[in-house]
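Take a look at the letters that make up each chain.
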Number of protein chains: 2
Amino acid sequence: MEFETAKAKFIQAWGTLGSSWGINRTMSQIHALLIINTDPLTTEEIMAELKVSRGNVNMNIRALMEWGLVNKELVPGERKEYFSAGKDIWQVARQIAKERKRREVEPILDVISQVKNAEGDGKEVEEFNRMMQEIEDFTSKADTTLDKFIKSDENWFYKTLLTLMK
Amino acid sequence: MEFETAKAKFIQAWGTLGSSWGINRTMSQIHALLIINTDPLTTEEIMAELKVSRGNVNMNIRALMEWGLVNKELVPGERKEYFSAGKDIWQVARQIAKERKRREVEPILDVISQVKNAEGDGKEVEEFNRMMQEIEDFTSKADTTLDKFIKSDENWFYKTLLTLMK
DNA sequence: TTAAACTTTCAATTATTTCTGAAAGTTTTT
DNA sequence: AAAAACTTTCAGAAATAATTGAAAGTTTAA
């Protein structure tokens, strides 16, 4: 497959994947574009490449920087801002895990700890509390595992796999 | 906290969580409702509890059944259909992992295998191919780990944690 | 076979999210 | 201090997704 076609296809696919995980398409596409570009790009270049507006690029670049996935690069002698994305895919995954944990896993743990001792009679209430406890246990464990992953070096995953396979 | 309040709060939070993971709110809420109900519910009951329309319940119940998260229950002597959700939270997580893997991880692996040997000259193309290879390696590993999880018994997770902690 | 009970479908509406583009804001240069 | 180069904001427009509700479809009972 020819390079330009391949590039477009990858950006497109990455955008779709992001969508189905609750990340806006343009945001994923900008990220994909910056990942596959060796050199940093300007807002103008991103606009041209993805055919989207200045406002859209600005907004999503900022979101990507908040997620810690994209950095502003200062090119000496240039006034424009350049943007680049981290190229280490493990680090990218860890960063995403970290942000999603903070934004989504932790809030749900909060809610569950609030509701898990509901007051009332009957097996309905009992069952509810039992279920909440189970969900809390599960989520805490997922949370701990995410932490391990977030703090891990690149080899953690391999080690884990090896352990599981033996 | 009083039971009814706790229940409402949990359903609400679960719906929000679902949203941010690309799952429609009503679908998550129905799932939450069925999880915390000991007895199966009818379409009418779900409509009343969540204040949503018949069409909406029907559509999302069917989606939940496709995901393998909800079952139709036949109550002897009753014409209406009753629905219930699996109560084992580990099994629920495995089922969700399975479906998302099939729907989202596998398609992206397909695309990457298509684009990873882009033709062209220059370091741009070389870098692109290197990056695609990295992403493919990563994704394959994630895929394998998901498989382990999907096929695991409830103790896998505990075992893994223990291994990591020692 | 007709009616009643129940489920499914889907066109139209409503809600939500995303995007645009022009104006306002900021910083640097002349 | 004015202009030029660039970035940010945000109200409205457009696109997308979710929801309704009534009609059509199906199954069971009378």
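Residues numbered from 1 in each chain as written. Chains lettered and ligands numbered in written order. Predicted model: local features only at pLDDT ≥ 70, side-chain atom pairs only at ≥ 80, totals over all residues. Heavy atoms only, no water.

Novice: An account of the sheet that holds strand S1 (residues 41-42) of chain A is requested, with residue identities and associated values reported.
Specialist: Residues and elements named next belong to chain A. Spatial ordering of the open sheet is given by S1-S3-S2, a layout of 3 strands whose pairing is antiparallel. On the outer flanks of this sheet lie S1 and strand S2 (70-73), each paired with one strand and no other. One ladder, built from 2 bridges, connects S1 with strand S3 (residues 82-85); its direction is antiparallel. Paired with Thr42 across the two strands is Tyr82, which belongs to S3. Lying over the sheet, helix H2 (residues 25-36) contacts S1, S2 and S3, oriented at roughly 85° with respect to S3. (Pairing = 2+ DSSP bridges. Helix = DSSP H or I, 4+ residues; strand = E, 2+ residues; numbered from the N terminus. Contact = heavy atoms within 4.5 Å. Axes fitted to C-alpha atoms, helices over the stretch in contact; angles between N-to-C directions.)

Novice: Lay out the protein's contact with DNA strand C with the relevant residues and their values.
Specialist: Neighbouring DNA strand C are 15 residues; A:Thr26, A:Ser53, B:Asn58, B:Arg79 and B:Glu81 lie closest to it. The contact in question runs from a base oxygen of DNA strand C to an N or O atom on the side chain of A:Arg79, over 3.1 Å. Counting residues per element, the ones that place at least two in the surface near DNA strand C are helix H4 (54-66) of chain A together with helix H4 (54-66) of chain B. Counting residues per element, the surface near DNA strand C draws most heavily on H4(B), which supplies 4 residues. Class assignment for the residues of the surface near DNA strand C results in 1 nonpolar, 7 polar and 7 charged. (Near = heavy atom within 4 Å. Polar contact = N/O pair within 3.5 Å; in protein donor to acceptor, adjacent residues only side chain to side chain. Nonpolar A, V, L, I, M, F, W, Y, C, P; charged D, E, K, R; others polar.)

Novice: Which residues make up the packing of aromatic side chains, and what are the values?
Specialist: To describe a pair of aromatic rings, one takes the distance between the centres and the angle between the planes. Scanning the entire structure with this criterion turns up 9 aromatic pairs over all chains. With 4.9 Å between their ring centres and 85° between their planes, A:Phe138 and B:Trp90 make a pair best called edge-to-face. Highlighted residues: A:Phe138 in helix H6 (residues 122-151) and B:Trp90 in helix H5 (residues 89-115), drawn from two different chains. A connected cluster of aromatic rings, assembled from ring pairs, spans A:Phe3, A:Phe10, A:Trp14 and B:Phe128. The side chain of A:Arg100 reaches across the aromatic face of B:Trp21, ending 3.9 Å from its centre. (Phe/Tyr/Trp six-rings, centres within 6.5 Å; stacked < 30°, edge-to-face > 60°. Lys NZ or Arg CZ within 6 Å of the ring centre and 35° of its normal.)

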